[in-house]
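Structure assessment
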Amino acid sequence: KKQVLAVIRNAGPSGMTERELNKSSRKLSCLDQRGQMNVLNSLAFIGDISRINMSGPSGRGKPRTAWIAINGDKSPTDVSEFISPCFRV
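A closer look at the overall build of the chain
Each helix and strand in the chain was counted, giving 4 helices and 2 strands. For the chain, the succession of helices and strands along the chain, N to C, is α-α-α-α-β-β. By residue count, 22% of the 89 residues in the chain fall in the buried class. In the chain, the proportion of contacts linking residues at least 24 apart, taken out of those at least 6 apart, comes to 45%.

Here you go:
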């Protein structure tokens, strides 16, 4: 997971599609599709990455679905970021 997260962070604000991730991350490309989705969904669950749809500049064509890094400098001592909003007081 750490290597996949580093690759997505290095991609910058445009993020990476699943195809680009498979090309860039050898560890992710060795997994089957279910394993890849488990890794990406677990990173999304803890809030490190998010999946977004981006349309092109003209607004025409199929939107690009990419994974982007949310916060690159997350403090591990701040537990409030890991608590779901519905459980906060």
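A look at the packing of helix α1 (residues 2–11) against helix α4 (residues 33–45)
With their axes 10 Å apart at the nearest point, α1 and α4 run at an angle of 70 degrees to one another. Taken together, the axes of α1 and α4 lie roughly perpendicular to each other. Seen along the crossing, α1 lies across α4 with a hand that is right-handed. Between α1 and α4, the residues in contact are Val-4, Leu-5 and Ile-8 and Val-39, Leu-40 and Leu-43, respectively. Residue classes in the contact of α1 with α4 are distributed as 6 nonpolar, no polar and no charged.

What to know about α4
Here α4 spans 18 Å end to end across 13 residues, near enough to the 18 Å set by a 1.5 Å rise per residue. Among all positions in α4, only Gly-35, Gln-36, Val-39, Leu-40 and Leu-43 are buried. Along the long axis of α4, the arc covered by the buried residues comes to 130 degrees, so they all point the same way. Residues of α4 that are exposed and angled more than 90 degrees away from the buried face: Gln-33, Arg-34 and Phe-45. Contacts made by the buried residues of α4 are with α1, α2 (18–24), α3 (26–29), β1 (49–54) and β2 (64–69). Gly-47, located one to two residues past α4, shows a positive phi value of around 90 degrees.

Here we look at the environment of Ile-8
When you line up the elements, Ile-8 lands in helix α1. Along the chain, Ile-8 and Ala-66 lie 58 residues apart, while their C-alpha atoms are 9.6 Å from each other. Apart from residues lying up to four places away in sequence, Ile-8 is in contact with Met-16, Leu-21, Leu-40, Ile-49, Trp-67, Ile-68 and Ala-69.

Observations concerning the pattern of salt bridges
For side chains bearing opposite charge, pairing can occur when the charged atoms are close. In total, this model carries 2 salt bridges according to the counting rule given. Across the pair Arg-51 and Glu-18 runs a salt bridge whose closest N-O atoms are separated by 2.4 Å. Residue Arg-51 is located in strand β1, and its partner Glu-18 is located in helix α2; the two are separated by 33 residues in the primary sequence. Classification of Arg-51 by relative accessible area gives partly exposed; the value is 42%.

Calculation notes
- Residues numbered from 1 in each chain as written.
- Predicted model: local features only at pLDDT ≥ 70, side-chain atom pairs only at ≥ 80, totals over all residues.
- Heavy atoms only, no water.
- Helix = DSSP H or I, 4+ residues; strand = E, 2+ residues; numbered from the N terminus.
- Buried < 20%, exposed > 50% of the residue type's maximum accessible area, 1.4 Å probe, protein only.
- Contact = heavy atoms within 4.5 Å.
- Axes fitted to C-alpha atoms, helices over the stretch in contact; angles between N-to-C directions.
- Parallel < 35°, antiparallel > 145°, perpendicular 65-115°, else oblique.
- Left-handed = near helix turned anticlockwise from the far one by under 90°.
- Nonpolar A, V, L, I, M, F, W, Y, C, P; charged D, E, K, R; others polar.
- Expected span 1.5 Å × (residues − 1).
- Arc of directions from axis to C-beta.
- Salt bridge = Lys/Arg side-chain N within 4 Å of Asp/Glu carboxyl O.

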